[in-house]
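Each chain, written out:
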Amino acid sequence: MAKHYWWIIATYILTLFSGIIGIPAIYLLFQFDVQTIAIYYQIISFIIGAIVVLILLKPDMKMDPHPEAASWNTVILWSILGVFMAYFAQMIAVYIETMIIGVEIGSENTGMIMNISRSFPLFMIVPALVAPFLEEIVFRKIIFGTLYKKSNFIIAALASSFIFGIIHGEPEHVLIYSSMGLVFAYLYVKTKRIIVPIIVHMSMNTITIIAQYNLTPEDIERMQQQLEQLKTIIFIGG
């Protein structure tokens, strides 16, 4: 693995976990509201992390594109198609988790992000734009790309997607995250351009945020009850 890739991974890890020390330190110094500190710390740290990663990627940007890299018209086509592919994979994963494994419907991670976004709309740029960029660079370009050179698509995609799922902190939903990771890896290999999974990942997160932004807790609870009823009907019908 190239040396600057290790620095990118270190930057990503620091972006994720620096708040453990940084947020309490800022609170002790300035005594601001701790929730406000935490939100703006995350926004600033993710933006700084993305800027550092872009700087570290300069050697890659100067390289000629892959000989088989997709044209920009093809990039647009696969970016659109990729959103549908990722949602389809996610639907299958949700079905397996809820109907077969018995995992409870709903994501605490998504719920927490939406609660924060409703209180601090500026925070939406993190899950919608910045986080997908960082994740695709780390998990697809670096981790998947490195493993793919040394093994094959199945091994590299499964390994990188599993790590991608675990890092989200919801091991019970690792299948859902991993299913999307598999699609993103396929898009990267198919087009030979990392921009495609980045666009698809950003699009999915943005669509989710927009769709849920105006939902009230009552709306969400009603939807969960309907899903539970559907689950019961399917089980009885089977």
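The structure under discussion appears in the preceding block.
Residues numbered from 1 in each chain as written. Predicted model: local features only at pLDDT ≥ 70, side-chain atom pairs only at ≥ 80, totals over all residues. Heavy atoms only, no water.

## A word on the overall build of the protein chain
Heads up, the condition is: For the purposes of this entry, the term helix denotes a DSSP run of H or I that reaches at least four residues, the term strand denotes a run of E that reaches at least two, and both are numbered from the N terminus. For the exposure calls, accessible area comes from a 1.4 Å probe over protein chains only, and a residue counts as buried if that area is under 20% of its type's maximum, exposed if over 50%, partly exposed in between. We call two residues in contact whenever any of their non-hydrogen atoms come within 4.5 Å of each other. Each accessible area value is a Shrake-Rupley result obtained with a 1.4 Å probe; residue values ignore everything except the protein chains displayed when judging cover.
Looking only at helices and strands, the protein chain has eleven helices and zero strands in total. Shown N-terminal to C-terminal, the secondary structure of the protein chain runs as helices and strands in the order α-α-α-α-α-α-α-α-α-α-α. Relative to its 238 residues, the protein chain shows a buried fraction of 41%. Counting only contacts in the protein chain whose residues sit at least 6 apart along the sequence, the fraction spanning at least 24 positions is 78%. Here the protein chain has roughly 13,700 Å² of accessible surface; of this, 71% comes from carbon and sulfur atoms.

## Quick word on the packing of aromatic side chains
To keep it simple, the criterion reads: Any two of the Phe, Tyr and Trp rings considered here, Trp counted by its six-membered ring, make a pair once their centres fall within 6.5 Å; the pair's planes then place it as stacked at under 30 degrees, edge-to-face at over 60, or tilted in between. By definition, being over a ring means that NZ of Lys or CZ of Arg is both within 6 Å of the ring centre and within 35 degrees of the ring normal.
According to the stated counting rule, one finds ten aromatic pairs in the structure shown. Each ring, one from Phe30 and one from Phe32, has its centre 5.8 Å from the other, and the planes form 15 degrees; the classification is stacked. Each ring, one from Phe139 and one from Phe164, has its centre 5.5 Å from the other, and the planes form 70 degrees; the classification is edge-to-face. Placement of the pair is Phe139 in helix 7 (residues 125-150) and Phe164 in helix 8 (residues 153-166), with a sequence separation of 25 residues. Taken as a pair, Phe139 and Phe164 share a single burial class, namely buried. These aromatic residues form a ring-pair network of at least three members: Tyr12, Phe139, Phe164 and Phe184. Residue placement shows Arg140 over the ring face of Phe164; its charged tip is 4.5 Å from the ring centre.

## Here we look at the environment of Val138
You can see Val138 is positioned in helix 7. In this structure the C-alpha to C-alpha distance between Val138 and Ile8, which are 130 residues apart in sequence, comes to 7.3 Å. What Val138 contacts, discounting residues up to four positions off in sequence, is Ile8, Ile9, Tyr12 and Ile143.

## Some details on unusual backbone geometry
For Gln31, which is not glycine, the phi dihedral falls at a positive 60 degrees. Within the secondary structure layout, Gln31 lies in the loop between helix 2 (19-30) and helix 3 (34-56). A positive phi angle, close to 60 degrees, is found at Lys192, a residue other than glycine. Take Lys192: it is sitting in the loop between helix 9 (174-191) and helix 10 (195-213).

## Concerning helix 1 (residues 3-17)
Selection rule: A helix is expected to span 1.5 Å multiplied by its residue count minus one. Picture the helix axis, draw a direction to every C-beta atom, and the arc is the one those directions span.
Counted at 1.5 Å a residue, the expected span for helix 1 with its 15 residues is 21 Å, and the 22 Å between its end C-alpha atoms agrees. His4, Tyr5, Ile8, Ile9, Thr11, Tyr12 and Thr15 are the residues of helix 1 that are buried. Projected down its long axis, helix 1 carries its buried residues within an arc of 155 degrees, all on one side. With respect to the buried face of helix 1, the exposed residues turned more than 90 degrees away are Lys3, Trp6, Trp7 and Leu14. Along its buried surface, helix 1 packs onto helix 3, helix 4 (58-62) and helix 7.

## Some words on the nonpolar core
Short version of the rule: By convention a nonpolar core is built from buried Ala, Val, Leu, Ile, Met, Phe, Trp, Tyr and Cys residues, the set being connected through side-chain atoms within 4.5 Å.
Ranked by size, the top nonpolar core spans 49 residues in total, and within it Ile8, Phe123, Phe133, Leu134, Ile137 and Val200 carry the most contacts. Sorting elements by how many residues they give to this core places helix 7 first, with eleven residues. What Ile137 contacts, discounting residues up to four positions off in sequence, is Ile8, Val53, Leu57, Ile142, Ile194 and Ile198.

## Here we look at the pattern of salt bridges
Once their charged atoms are close, side chains differing in charge can pair, the charge on each being opposite to the other. Heads up, the condition is: We define a salt bridge as a contact between a side-chain nitrogen of Lys or Arg and a carboxyl oxygen of Asp or Glu at a distance within 4 Å.
Following the criterion strictly, the structure yields three salt bridges and no others. Between Lys141 and Asp60 there is a salt bridge; the shortest N-O distance is 3.5 Å. Here Lys141 is found in helix 7, whereas its partner Asp60 is found in helix 4, with 81 residues between them in sequence. Relative accessible area serves as the criterion here: at 17%, Lys141 is assigned to the buried category. Of the charged contacts, one joins Glu136 and Arg140 as a salt bridge, the two residues approaching to 2.8 Å between their closest N and O atoms. Of this pair, Glu136 and Arg140 both sit in helix 7, separated by four residues, roughly a single helical turn. The same class applies to Glu136 as to Arg140, namely buried.

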